[in-house]
Amino acid sequence: MAFTKVEELLEGYARQSETKEFWEYIMEEDMRDQQITRAQSMAHMRELLQVMRQTVKSYDAAQCSASGLAGGDGAKLAAAQQAGHTLTNGFVTEAIRIALTMAECNACMKRIVAAPTAGSCGVLPAVLLAYETYFGGSTEAFVEALYIAAVYGQIIANGASISGAQGGCQAEIGTASAMAAAALTYLHGGSPEQGANACALALKNMLGLACDPVAGLVEVPCIKRNVAGTVNAIAAAEMALAGIVSRIPVDEVIGAMEEVGSLLDKRLRETGEGGLAATPTARKIQTQLRELAEKNR
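Anyway, here's the lowdown on the structure attached to this text.

Analysis parameters
- Residues numbered from 1 in each chain as written.
- Predicted model: local features only at pLDDT ≥ 70, side-chain atom pairs only at ≥ 80, totals over all residues.
- Heavy atoms only, no water.
- 1 Å grid on protein atoms, 1.4 Å probe; cavity = no way out; pocket = protein on both sides within 12 Å on 5 of 7 lines; lining within 4 Å.
- Points joined across faces, edges and corners; volume = space filled by probe spheres on them.
- Nonpolar A, V, L, I, M, F, W, Y, C, P; charged D, E, K, R; others polar.
- Helix = DSSP H or I, 4+ residues; strand = E, 2+ residues; numbered from the N terminus.
- Buried < 20%, exposed > 50% of the residue type's maximum accessible area, 1.4 Å probe, protein only.
- Polar contact = N/O pair within 3.5 Å; in protein donor to acceptor, adjacent residues only side chain to side chain.
- Contact = heavy atoms within 4.5 Å.
- Expected span 1.5 Å × (residues − 1).
- Core = buried A, V, L, I, M, F, W, Y, C linked by side-chain atoms within 4.5 Å.
- Axes fitted to C-alpha atoms, helices over the stretch in contact; angles between N-to-C directions.
- Parallel < 35°, antiparallel > 145°, perpendicular 65-115°, else oblique.
- Left-handed = near helix turned anticlockwise from the far one by under 90°.
- Phe/Tyr/Trp six-rings, centres within 6.5 Å; stacked < 30°, edge-to-face > 60°.

Description of empty space enclosed by the protein
Here's step 1: Within the structure shown, the criterion is met by one cavity of 30 Å³ or more.
Here's step 2: Estimates place the volume of the largest cavity at around 40 Å³.
Here's step 3: In terms of lining, the largest cavity is formed by Tyr 59, Asp 60, Gln 63, Gly 71, Glu 104, Cys 105, Cys 108 and Lys 110.
Here's step 4: Broken down by class, the residue content of the lining of the largest cavity amounts to three nonpolar, two polar and three charged.

Describing the side chain of Arg 53
Here's step 1: Tracing the chain through its elements places Arg 53 in helix 3 (residues 38-57).
Here's step 2: By relative accessible area, Arg 53 is classed as buried at 17%.
Here's step 3: Engagement of the side chain of Arg 53 in a polar contact is seen with the side chain of Glu 132, the distance being 2.7 Å.
Here's step 4: Excluding anything up to four places from it in sequence, Arg 53 contacts Leu 129, Glu 132 and Thr 139.

Focus on the side chain of Gln 154
Here's step 1: One can find Gln 154 in helix 7 (residues 139-159).
Here's step 2: Gln 154 gets classed as buried once you look at its relative accessible area, which sits at 15%.
Here's step 3: A polar atom in the side chain of Gln 154 sits 3.2 Å from the backbone oxygen of Phe 3.

Quick look at helix 9 (residues 169-187)
Here's step 1: Spanning 19 residues, helix 9 covers 26 Å between terminal C-alpha atoms, matching the ideal 27 Å at 1.5 Å per step.
Here's step 2: Of the residues one or two after helix 9, Gly 189 is the one with positive phi, at around 90°.

A look at the nonpolar core
Here's step 1: Val 6, Leu 9, Leu 124, Leu 128, Tyr 147, Tyr 152 and Ile 254 are the most contacted members of the largest nonpolar core, which totals 82 residues.
Here's step 2: Counting residues per element, this core draws most heavily on helix 9, which supplies twelve residues.
Here's step 3: Those residues in contact with Leu 128 that lie beyond four places of it in its chain are Met 52, Phe 142, Ala 145, Leu 146, Ala 183 and Leu 187.

Here's the deal with the packing of helix 6 (residues 123-135) against helix 7
Here's step 1: Where helix 6 contacts helix 7, the two axes come as close as 12 Å, and the packing angle between them is 155°. Considering the angle they form, helix 6 stands roughly antiparallel to helix 7. Handedness of the crossing formed by helix 6 with helix 7: right-handed. Contacts between helix 6 and helix 7 involve Leu 124, Leu 128, Tyr 131 and Glu 132 from the first element and Phe 142, Ala 145, Leu 146 and Ala 149 from the second.
Here's step 2: The class makeup of the residues in the contact of helix 6 with helix 7 is seven nonpolar, no polar and one charged.

Describing unusual backbone geometry
Trans is the prevailing form of peptide bonds, just as negative phi is the prevailing case for residues other than glycine.
Here's step 1: In the segment running from Ala 115 into Pro 116, the intervening peptide bond is cis, with an omega of 5°.
Here's step 2: Examined against the element boundaries, Pro 116 turns out to sit in the loop between helix 5 (90-107) and helix 6.
Here's step 3: With omega at 5°, the peptide bond leading from Val 220 into Pro 221 counts as cis.
Here's step 4: On the secondary structure map, Pro 221 appears in the loop between helix 10 (192-204) and helix 11 (222-241).
Here's step 5: Phi is positive for Gln 35, close to 60°, though the residue is something other than glycine.
Here's step 6: Of note, the phi angle at Met 109 is positive, near 65°, even though the residue is not glycine.

Concerning the packing of aromatic side chains
Here's step 1: If you walk through the whole model with that rule in mind, you get eight aromatic pairs.
Here's step 2: Seen from their ring centres, Tyr 13 and Tyr 25 are 5.9 Å apart, and the 45° between their planes marks the pair as tilted. With Tyr 13 in helix 1 (residues 6-14) and Tyr 25 in helix 2 (residues 22-34), the pair connects residues that are twelve residues apart, well separated along the chain. Taken as a pair, Tyr 13 and Tyr 25 share a single burial class, namely buried.
Here's step 3: A centroid spacing of 6.3 Å and a plane angle of 70° characterise the contact between Tyr 131 and Phe 142, whose relative ring orientation is edge-to-face. Of this pair, Tyr 131 sits in helix 6 while Phe 142 sits in helix 7; the two residues are eleven residues apart in sequence, bridging distant segments of the chain. Side by side, Tyr 131 and Phe 142 carry an identical accessibility label, which is buried.

These figures capture arrangement, not role.
Here it is in structure tokens:
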């Protein structure tokens, strides 16, 4: 996609809104940019949606990551759901469960959709698939929502970063949350302008989030941050759908995100040298994993 600003996206669509839907305008621009057909574009998006669905279905609660740090938490939440012991119930709890499930599958080296990165793979599927369970909708509607998510991810990548090493976890979970918020707003009947506000509201809440993986692995705290990004996306979409507006326009929020990322100390940008990765417990885990690796050589 060739979009660099949300303002540009919305203005371009406004000129064609009488002849096509928002998602269709995005798709056609992407077709031109990639020089692919409508059928090829749609097939790719359907495949991504299908992989998300299959990953959730293939979740194995007994499987743990090679480090032993991840696995089984999705099943614990599912058990709490079934027992009626959760606080939120319904849509939100289901979204949290799926976020855990997807992120654990990533840690266990299963097939996932990087949305926009592997470390943030749980957020977008969580809101889409939980919405499908509780509100319904056709496969076509969810494919359309993926186009909405994709264009916001692309604009954020162009204006800031989706790399934890470059911009901290705000670049990964923050972007995923913003993408999910815009997609969720679309699914629930929101306007393009409301989607833009949802993106801005979600992204603002994630500014400054450090990338501090324990032992350098995309497991702790990454998996639980997928949950935080998911709930944040739902809250942002809820506000936007109610007519609440971000006082800072989304393009300016993206610009601020780029600045904040550049100001983050390198120890907070995926190096494993600061934040949670530098705590005594994290250092102990790192030492244990190193010793285990040496023993198994």
